[in-house]
Amino acid sequence: MEQAFLVVLGAALTWAFYFLQRRVERRRTTEVIERSQKLLALKQGLEGTGTSLGDLQRFESGLVGKAQATVELADDYLARAEEVVERGAVEVLQDDEFTAQARERLLFADAKLRRVVAHLREHLDADGQNAFDRSHRAWLAYRDRHALFIAQSYARGPIRSLIRAVTLESLTAAWVAELETQLGNAE
């Protein structure tokens, strides 16, 4: 009797395991089918727009480059903010050295911008260079006006020149990241 019970129990467990396995396999099959359908739709959409996988990879690398530049800039600002907290805001604002450092970082950002602009221009034809030069001049004018506006939003005193230099540096770093993305596409 005990053997018959074990046989029936083994058969029931085998039967239950079989149906459980079929349910799991069906779920995996359904997931694979759905994923394949999504990939097919993506492929058809890419072909319809004339976009290649390489184009998407270049776009992704450009976004990653911009994100990295933003993170580096944010880290730098965080370090400066920590210095302000450590030294005290009043002391920092009265410290011409702090403003001089901000202006020096702006000079470095401007130098990098000049290098990137020169390198980018090498990859453009005459019409492209003319269009880029007009765009770049307009961006430089915007950068200066925007930094002045931001600085003027603060009370008078030494903070204005510090805010203006930091804003100019921030805008310049963002523009350099944008141009480097374009340069990556040109190369």
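From a predicted model like this one, the values you see are computed outputs, not experimental measurements.

**Q** Help me out: how do you make sense of the overall build of the chain in this one?
**A** Scanning the chain from terminus to terminus reveals six helices and zero strands. In the chain, the order of α-helices and β-strands from amino to carboxyl end is α-α-α-α-α-α. Residues counted as buried form 20% of the 187 residues belonging to the chain. When the accessible surface of the chain is split by element, carbon and sulfur atoms take 60% of a total near 13500 Å².

**Q** I would appreciate a short explanation of the nonpolar core in the present structure.
**A** Across soluble globular proteins, nonpolar side chains have a tendency to be buried as a group. Membership of the largest hydrophobic core is limited to 10 residues, which are Leu113, Val116, Val117, Leu120, Phe132, Trp139, Leu171, Trp175, Val176 and Leu179. For this core, the elements supplying multiple residues, two or more each, are α4 (96–122), α5 (126–152) and α6 (158–186).

**Q** Sorry, what's going on with the packing of aromatic side chains here?
**A** Any aromatic ring pair is given by two values, namely how distant the centres are and how the planes are angled relative to each other. Scanning the entire structure with this criterion turns up one aromatic pair. Ring plane angle 10 degrees and centroid distance 5.0 Å describe the contact between Trp139 and Trp175, whose orientation is recorded as stacked. Here Trp139, found in helix α5, pairs with Trp175, found in helix α6; they are 36 residues apart in sequence, far enough to count as distant. Its relative accessible area of 14% is what places Trp175 among the buried residues.

**Q** Any chance you could explain a nonpolar patch on the surface here in plain terms?
**A** Judged by side-chain polarity, Phe5, Leu6, Leu9 and Leu13 come together as a nonpolar surface patch covering roughly 420 Å² of accessible area. Within the secondary structure layout, Leu13 lies in helix α1 (residues 2–49). Look at Leu13 and you get exposed, because its relative accessible area is 55%.

**Q** Could you clarify how one ought to interpret the side chain of Asp110 in this entry?
**A** Relative to the helices and strands, Asp110 is located in helix α4. For Asp110, a relative accessible area of 16% translates into the label buried. Each residue touching Asp110, except ones within four places of it in the same chain, is listed here: Arg143 and Thr172.

The rules behind the values
- Residues numbered from 1 in each chain as written.
- Predicted model: local features only at pLDDT ≥ 70, side-chain atom pairs only at ≥ 80, totals over all residues.
- Heavy atoms only, no water.
- Helix = DSSP H or I, 4+ residues; strand = E, 2+ residues; numbered from the N terminus.
- Buried < 20%, exposed > 50% of the residue type's maximum accessible area, 1.4 Å probe, protein only.
- Areas by Shrake-Rupley, 256 points an atom, 1.4 Å probe, with all protein chains shown as cover.
- Core = buried A, V, L, I, M, F, W, Y, C linked by side-chain atoms within 4.5 Å.
- Phe/Tyr/Trp six-rings, centres within 6.5 Å; stacked < 30°, edge-to-face > 60°.
- Patch = residues over 30% accessible without salt bridge, like charges linked within 9 Å, V, L, I, M, F, W, Y side chains within 5 Å.
- Salt bridge = Lys/Arg side-chain N within 4 Å of Asp/Glu carboxyl O.
- Contact = heavy atoms within 4.5 Å.

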